[in-house]
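What follows is the residue order along each chain.
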Amino acid sequence: MKNIFRIFAVAAIMLLMSTEAVWAGNDKRRGTSGSTELLINPWARSNGWGSANVANVRGLDAFYSNIAGLSTVERAEFTYTNTMLFGGTSGLNSGASINAFGLAVRLFDRGVFGLSIMSLGVGDIDITTVESPESINGTFSPTLMNINVAYAHSFTLAIKGGVNIKVINESTNNVSGSAFAIDAGIQYVTGANDELKFGISLKNWGPAYSYEGTGLSFQFVNEAENTMTAEYRSGEMELPTSLNIGISYDFLIPTLSQHVTVAGAFTSNAFLKDNFALGLEYGLLDIFNIRCGYVYQTDIFNENARTTAFSGLCAGASVDVPLSKKGSEKKTSLTIDYSYRAGSNLRATHAIGGTFKF
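This one's a predicted model, so the numbers in the text were calculated from it and none came from an experiment.

About the cut-offs
- Residues numbered from 1 in each chain as written.
- Predicted model: local features only at pLDDT ≥ 70, side-chain atom pairs only at ≥ 80, totals over all residues.
- Heavy atoms only, no water.
- Helix = DSSP H or I, 4+ residues; strand = E, 2+ residues; numbered from the N terminus.
- Buried < 20%, exposed > 50% of the residue type's maximum accessible area, 1.4 Å probe, protein only.
- Contact = heavy atoms within 4.5 Å.
- Salt bridge = Lys/Arg side-chain N within 4 Å of Asp/Glu carboxyl O.
- Pairing = 2+ DSSP bridges.
- Phe/Tyr/Trp six-rings, centres within 6.5 Å; stacked < 30°, edge-to-face > 60°.
- Lys NZ or Arg CZ within 6 Å of the ring centre and 35° of its normal.

**What to know about the environment of Val-319**
With respect to the element layout, Val-319 can be found in strand β17 (residues 310-322). Classification of Val-319 by relative accessible area gives partly exposed; the value is 33%. For the pair Val-319 and Ile-290, spaced 29 residues apart in sequence, the C-alpha to C-alpha distance is 8.9 Å. In contact with Val-319, not counting residues within four places along its chain, are Ile-287, Phe-288, Leu-334, Thr-335 and Ile-336.

**Thoughts on the environment of Arg-58**
Inspection of the secondary structure assignment puts Arg-58 in the loop between α2 (44-47) and β1 (76-84). The exposed category is assigned to Arg-58, whose relative accessible area is 53%. A C-alpha to C-alpha distance of 6.1 Å links Arg-58 and Leu-70, two positions twelve residues apart in sequence.

**Observations regarding the pattern of salt bridges**
Using the criterion set out here, one finds seven salt bridges in the structure. Residue Glu-74 is joined to Arg-75 by a salt bridge in which the shortest nitrogen-to-oxygen separation is 3.8 Å. Here Glu-74 falls in the exposed class, since its relative accessible area comes to 54%. The residue Asp-299 makes a salt bridge to Lys-273 at a minimum N-O spacing of 3.3 Å. Within this pair, whereas Asp-299 is found in the loop between β16 (288-296) and β17, its partner Lys-273 is found in the loop between β14 (258-269) and β15 (275-284), the two being separated by 26 residues in sequence. Using a relative accessible area of 18% as the deciding quantity, one classes Lys-273 as buried. Within this structure, Arg-45, Asp-320 and Asp-337 form a network of salt bridges that share partners.

**Comments concerning the pairing of β15**
If a strand is regular, its side chains alternate between the two faces of the sheet. In terms of strand pairing, β14 meets β15 through nine bridges, oriented antiparallel. Within the sheet, the bridge partner assigned to Val-260 lies in β15 and is Tyr-282. A loop of three residues connects β15 with β16, the two strands running antiparallel in sequence, and Leu-285 in this loop sits at a positive phi of about 60°.

**Regarding the packing of aromatic side chains**
Geometrically, a pair of aromatic rings is defined through the distance of the ring centres and the angle of the planes. Under the definition given, this model contains twelve aromatic pairs. When the centroid spacing of 5.5 Å and the interplanar angle of 70° are considered together, the rings of Tyr-209 and Tyr-211 count as edge-to-face. Summarising the aromatic geometry, the rings of Phe-218 and Phe-220 are spaced 6.0 Å apart at their centres and angled 35° between planes, so their arrangement reads as tilted. Taking relative accessible area as the criterion, Phe-218 reaches 31% and is therefore assigned partly exposed. Joined through ring pairs, the aromatic side chains of Phe-108, Phe-113 and Tyr-151 make up one cluster. Positioned over the ring face of Tyr-64 is Lys-203, at 3.5 Å from the centre of the ring. The lysine or arginine in question, Arg-341, covers the ring of Phe-310, its NZ or CZ lying 3.9 Å from the ring centre.

In structure tokens, the structure reads:
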């Protein structure tokens, strides 16, 4: 009972912490936060149903949806996902793409440590100046990266919680900015076969940050004809805090180990419109899984008022390949995941990844 009271106390604290950040958002502040790459899900599996799995996310995908789900890692997992953002070329050398790596290890009976790295590259951008706006003066390649270190704990068979600390870095060749943020989440499981799940997570809560570097400086000649160097002051940027609440239900079919899972999630964003996600997953033989979903926000059907590059529709599939012999105590497997997210005015986003469980 003490553990249960502790969990609900943490949930209450999270809600109090997030009240100002979430409800402070208004139409005048939409799109004014920094580090908006934190709102992009880099993992293929959860992208397949619009990140609706806040309540039932498992494994390393929990770094985005709800860090409490990291506690489901049985021994160790390593994952890699490449996302071709809006049709961008695969890899960091050209086009817009995301590379995400993750590693999780169970170190205690109920505790799991995890580490993940997400790197977003947008390819080479031409350099132009005020003096020569039409000519190219070389190129530069912005890089946006965040590093996550997390711990998740199973307090009881029904209650799980987790905390994630992330370091954010954004840089070009002459300007950079750094920040840190905290994620926290809780999952609750109930039902005769653990078929009903609830989840809540607070993401990207942290202090504001600013940019610095030689790119913010400029030279001018004063009245005494002396060459002077001055520097622009960078305004502070707030992080895109969000509060996520989810629920899911598993319809279990014993024949051929089938299941149908329905999941829903509500995301309250401090600097963006709120999102409603609904997802559906079908599984067969504990090997094949297909999923689809839809993410809705206000004005998503209005081309003139829409504020998202996605049209809402998403789909995906997974194949789990067992690598260990039947009856072996140590179960090793390889999972291949794919997801598709339809774009509005841009091309679709494709993600493919693999997870090695050992």
